[in-house]
Amino acid sequence: DAAFDAWDAMEQAEELSYLEQQLKGCSVDELMTKRFPTRGGALASPRGGGAAAHSQWSSVAAALTYDGDFALSPPYTLKKAGELYSYLRSPNAKPLPRKMVYEMLIAASHAFEAQAAACGSLIHVPPPAKPGERLLVCGDTHGQLQDVLVIFEEHGLPAPGNAYLFNGDIADRGRNATEIFVLLLAFKLACPDIMHINRGNHEQRDLNERPFANGGGFAWEVRAKYPHDELLIDLFQNLFTNLPIASLVGEWALVIHGGLFREEDVTLDDIRAIDACRQPPSVLQTRDDTLLFDALWADPHDGDGIVASDNRGGVSIQFGRDLTKAFCARNGVQSIIRSHQLPKRKRGYEIQHDAMLLTIFSASNYGGVCGNRGGVLVFDDRGPAEVKEFYAPPLDEYRALCEERALLVVMPRIAHWLACARLGPARRPQRQQSRGGPGAPP
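Everything quoted here is computed from the prediction, not taken from an experiment. (Residues numbered from 1 in each chain as written. Predicted model: local features only at pLDDT ≥ 70, side-chain atom pairs only at ≥ 80, totals over all residues. Heavy atoms only, no water.)

(A) Representation of the overall build of the protein within the structure. A tally of regular secondary structure across the protein gives 15 helices and 14 strands. Considering only residue pairs separated by 6 or more positions, the protein has 70% of its internal contacts joining residues 24 or more positions apart. Summing over all exposed atoms, the protein offers an accessible surface of approximately 18600 Å²; the carbon and sulfur share of this is 56%. (Helix = DSSP H or I, 4+ residues; strand = E, 2+ residues; numbered from the N terminus. Contact = heavy atoms within 4.5 Å. Areas by Shrake-Rupley, 256 points an atom, 1.4 Å probe, with all protein chains shown as cover.)

(B) Layout of the nonpolar core. Residues Leu84, Leu96 and Phe152 are the most contacted members of the largest nonpolar core, which totals 64 residues. In terms of residues, this core owes the most to one element, helix 7 (residues 177–190), which gives 9 residues. Residues in contact with Leu84, not counting those within four places in the same chain, are Phe70, Leu72, Leu96, Met100, Val182, Leu183 and Ala186. Within the second largest apolar cluster, 31 residues are counted, among which are Leu248, Phe293, Phe327 and Val333. (Core = buried A, V, L, I, M, F, W, Y, C linked by side-chain atoms within 4.5 Å. Buried < 20%, exposed > 50% of the residue type's maximum accessible area, 1.4 Å probe, protein only.)

(C) Region of interest: empty space enclosed by the protein. If you walk through the whole model with that rule in mind, you get 1 cavity of 30 Å³ or more. As a volume, the largest cavity reaches approximately 30 Å³. At 3 residues, the largest contribution of residues to the lining of the largest cavity is made by helix 1 (residues 2–23). Here the lining of the largest cavity is built from residues that sort into 6 nonpolar, 3 polar and no charged. (1 Å grid on protein atoms, 1.4 Å probe; cavity = no way out; pocket = protein on both sides within 12 Å on 5 of 7 lines; lining within 4 Å. Points joined across faces, edges and corners; volume = space filled by probe spheres on them. Nonpolar A, V, L, I, M, F, W, Y, C, P; charged D, E, K, R; others polar.)

(D) Representation of helix 13 (residues 321–331) within the structure. Buried residues of helix 13: Thr324, Phe327, Cys328 and Asn331, and no others. Looking straight down helix 13, one finds its buried side chains confined to an arc of 95°; they lie on one side. Considering only its buried residues, helix 13 is in contact with strand 6 (253–256), helix 11 (268–272), strand 9 (317–319), strand 10 (336–338) and strand 12 (357–360). Where helix 13 terminates, the next one or two residues include Gly332, which has phi positive at roughly 70°. (Arc of directions from axis to C-beta.)

None of this, on its own, says anything about what the molecule does.
Written out as structure tokens, the structure reads:
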């Protein structure tokens, strides 16, 4: 409809504008270096952020105290992660304590740095091995916390045998990407094998610094919730640059945010060797630059070959079905799972390239205007099983519904307790019997 088409056109125009500005050398790194030459390399730090950066982040975290009405502190457990999920569903939820966010990001940065050192930019995600186990792949969520909460409600919290893979673009556009990252990291730190996160093209500084109205907003979300804390934004960027570029799910699928490559004969080893611990390049000077850029930005088209992207502009490309088939045959995988695009026909998924390419998109009613469904791809022990679609209400409405449902459960229990209390001391055995206590029938 008109709103869907208008939003899609606006999004394409925003990203075209961004990529064209990048070609003119307008990156945040370059501008900050010119304006503040003594600041150093905080925005383009080497893998691991450097010992000095980690020491500074840790010092800040140690000096902070937990404030607010909810706090989650180390050690991280699935029980604590579940409590955070419940809190974020509450109408009374407020921005999470700054100390909690620092501690979790520091711990997660260490974990992803170790993973990157061991695995490079391509990780192996174990496929479900036996009946009843599942792996759920989610696409873009773009700060729409309600979508993540609904996904976990409908498909179960992350747990052994119920793992999740989020395929990038958690940041920007929506106003609650901070809470999404912290929630996912809580489960990741509690049990690393049940939560996996790929990097998307919006997990980068230049886009995060753009206003919400121009397709960015994440840096401004952080500043609104945690004023005057540029170090926290740097810490998020350190996390982003250590996220993997792609995940391999057995022989079933390569999961990658954007898509395939203009370079010839790309192998899984080439993806694994991408130097991804940096901001994506605006000028493609090397093969490695091109691989990183295309992994995050490429889109498919329905024909064959490589064509320039009219939608996104800049140096972005679209890849055809012949490249998908050749890549899968060369690397022994059955399909490509990607995200990055709002699917047509207002669905949460789109199938292309003779069913060898699937786009999965998990931001329902994208931007609050598109009216589209979100999608989740479910793997079981036999492979990609089905796409489950959903439609989440706005966050405030969803939280109100959660509170109403909780009251529906609690009120009958309260009524029963009051009825038993009115029986008085002489009816204590009757109350015990109603609770299944001593004297209750077997």
